[in-house]
2 protein chains.
Amino acid sequence: MSVPAVTLKDVAQAAGVSISTASRVLDERGSFSTSAAAVRVRAAADELSYRRNTAASSLRRGATGTFGVLVPRLSDTVMALMFEAIERAARTRGHFALVATCGNEPDDEAQATETLLDRNVDAVILATARVDDRLPESLRRRGIPHVLVLRTDRVSPSSLGDDEAGGYLAMRHLLDLGHRDIGLINGPTFTSTGQDRRSGAERALREAGLTLDPELALTTGYGIEHGVAAGRLLLERAHRPTAIFAANDHLAIGVQTAARLLGLVPGQDISIVGYNDIPLVAQLPVPLTSVRTPFDTIAATALDLVTSKSVEREPIRRALPTLIPRASTVRAPL
Amino acid sequence: MSVPAVTLKDVAQAAGVSISTASRVLDERGSFSTSAAAVRVRAAADELSYRRNTAASSLRRGATGTFGVLVPRLSDTVMALMFEAIERAARTRGHFALVATCGNEPDDEAQATETLLDRNVDAVILATARVDDRLPESLRRRGIPHVLVLRTDRVSPSSLGDDEAGGYLAMRHLLDLGHRDIGLINGPTFTSTGQDRRSGAERALREAGLTLDPELALTTGYGIEHGVAAGRLLLERAHRPTAIFAANDHLAIGVQTAARLLGLVPGQDISIVGYNDIPLVAQLPVPLTSVRTPFDTIAATALDLVTSKSVEREPIRRALPTLIPRASTVRAPL
DNA sequence: CTGTTAGCGCATTCAG
DNA sequence: CTGAATGCGCTAACAG
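Residues numbered from 1 in each chain as written. Chains lettered and ligands numbered in written order. Predicted model: local features only at pLDDT ≥ 70, side-chain atom pairs only at ≥ 80, totals over all residues. Heavy atoms only, no water.

As annotated in an unreviewed UniProt entry, chain A carries the name Substrate-binding domain-containing protein and comes from Candidatus Phosphoribacter hodrii.

1. Re the sheet that holds strand β2 (residues 96-101) of chain A
Residues and elements named next belong to chain A. In spatial order, the strands read β2-β1-β3-β4-β5-β11; together these six strands make up an open sheet with parallel pairing. Only two strands of the sheet have a single neighbouring strand rather than two, namely β2 and β11 (316-319). Averaged over all adjacent pairs, the angle separating strand axes in this sheet is 20°, with direction ignored. The pairing of strand β4 (residues 146-149) with strand β5 (residues 158-161) spans two bridges and is classified as parallel. When the bridges of β5 are listed, L148 appears paired with S158. Packed on one face of the sheet, helix α5 (residues 77-92) meets β1 (66-71), β2, β3 (123-126) and β4 and runs near 160° to β2. Of the strands in this sheet, β1, β2 and β3 are in contact with helix α6 (residues 106-118), which crosses β1 at around 165°. (Pairing = 2+ DSSP bridges. Helix = DSSP H or I, 4+ residues; strand = E, 2+ residues; numbered from the N terminus. Axes fitted to C-alpha atoms, helices over the stretch in contact; angles between N-to-C directions. Contact = heavy atoms within 4.5 Å.)

2. Considering the domain arrangement of chain A
Think of interface size as the accessible area that goes away when the parts come together; that is how it is often given. Per the domain assignment, the segments of chain A are domain 1 (1-50) and domain 2 (163-293). Here domain 1 of chain A and domain 2 of chain A have C-alpha centroids that lie 59 Å from each other. (Domains from an automatic or database assignment.)

3. Some thoughts on the interface of chain A and chain B
Tallying the contact residues gives 51 residues for chain A and 51 residues for chain B. Buried surface at the junction of chain A and chain B, summed over both partners, amounts to about 4400 Å²; 57% is from carbon and sulfur atoms. Where chain A packs against chain B, one counts six salt bridges. Put simply, E114 of chain B and R51 of chain A hold a salt bridge, and the shortest N to O gap is 3.5 Å. On the surface where chain A and chain B come into contact, there are 21 residue pairs in polar contact (both at pLDDT 80 or more). Elements that contribute at least two residues to the side of chain A that touches chain B include exactly α4 (54-61), α5, β2, α6, α10 (224-235) and α11 (249-261) of chain A. (Buried area = accessible area lost by both parts, 1.4 Å probe. Salt bridge = Lys/Arg side-chain N within 4 Å of Asp/Glu carboxyl O. Polar contact = N/O pair within 3.5 Å; in protein donor to acceptor, adjacent residues only side chain to side chain.)

Structure (structure tokens):
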């Protein structure tokens, strides 16, 4: 910085103590001393608006009080919400969260992780995991503290929403409304979210004495454009479904678009359920029924997992989602 | 990190040179040496997968190669896109971008900035500026390198879209389609974007021999819910406008929602133009005509401004936006 | 081009 | 509880 920074030395001098005393008093971890010297040091630090030099502190401590978060992209609102929740949770604990984006390429994922490690983060939080991802394994091998969020490779410590339960809630909601011909648009099979939300949906169908019609179950990406394409496929069928469960909100918006293109009105001719409940969907022309993912809980649990030394506890934690019913779902026609 | 890190010393030893030679060879800034020793050092570094310790390097260099970016929220797609663009531009130059969020409170803005400065960022990039913001002034006074993006206080170095031109494009587009009764939903007056987009729109009207009907010009926030409310106000009028220019995409989506609520079909009964062209709007049931903000250009220019030593050049740079016409705008009824 | 030397600012020994 | 001394890993003078 342009302004010559005030260092511990300045503070110590002003307080009339040694550097090491000043360092100890200002150490936020140790016990809070109330000795005369401590009071003077704090006053001096305040007066001079002293701010610890993180580079020097990290170098010496070997830890930075920083988590590195890796997401595919921040312009995906789900990922932005997840990061914001992690940032809040970190701040609460006096830590800092640092983010890097890596797109969907496994290679870039590994490289971005190295970038984070270069910044001496104390742990890595990955929102990118594929079920067959090599990166978590590599982190385990190298003994690098890490936790997976939202998605899991089913091995490394993970904090996520209970996607099976969420899938169940979504499908059950449609069944309760009397729907029997229900389409499913699922996310990529390489994500645990894709797999688990589908399992949950199938469980709900089984409970109702139904099975998933393979012709009505599509697997695709997580973008709006995928939702449009999949929606068209389902809705152009001779015997079209009366409801569709889309495994994320973008897909569901795409289905709304597809419906309009075919002259169908969402929440009238076709019921639609999304997943994640991003803020946008409550405000759409036809507000979307969606399964809300508890981002704050997931973030807090993730930090617990990655900071606790005890490995013996259940390493894969799932937070229960909630279904938020809105105008996009209505009773099935008789 | 758990694995004992390999240091310069290890590399130097393996290459049979001194630490300082190794340091020099691996210095990415200086000229690229091809001497035998240099080759050996690079081989050794590669072999041992050496990674520079940023804390130590920053401490010594006094610079971190890091920009601190401050945004209100990342779950606002516009801000996420802006940050992603800055991140890309920084990476291109071998730098790193670090983000902090601060909501809309000026107090939190100042505090978040301090958090970034604590991390020894080389410069601060603010996407938060209000026209009467005190923070840029405080940064100028303290001699802290900074640049404002997207919004400007009209004093500090800034890189933004040409909002006046964008407002002109949007309004001109509607006029060219034959609309004469045009509503304007504008962003907060404390943002330069709000002010400038409105001026541009007014210029287009003047050129067409019209003036802005004050009753059709609303000023509000930038959220979807604001768009819904403002849209209702405009569309419930006895003599309702045939077109609306909303100063950002969220407002425009809100207007679409308001239209539907009143039984009007966007792109048919009412034409709507948004601003920023976030990816979502191209995929809506009625794809939205929008003014595209050139985020990558803005990011590159911002980094130029903040890294160049020359203060003499124009410190407020504006990148031209483009209008992307889509189905939400149609010819005015006769 | 090379190596030697001296710190960057801080946290932590170790003596007192 | 305190202060003096040491070095985290790296870079920048300096001298060869």
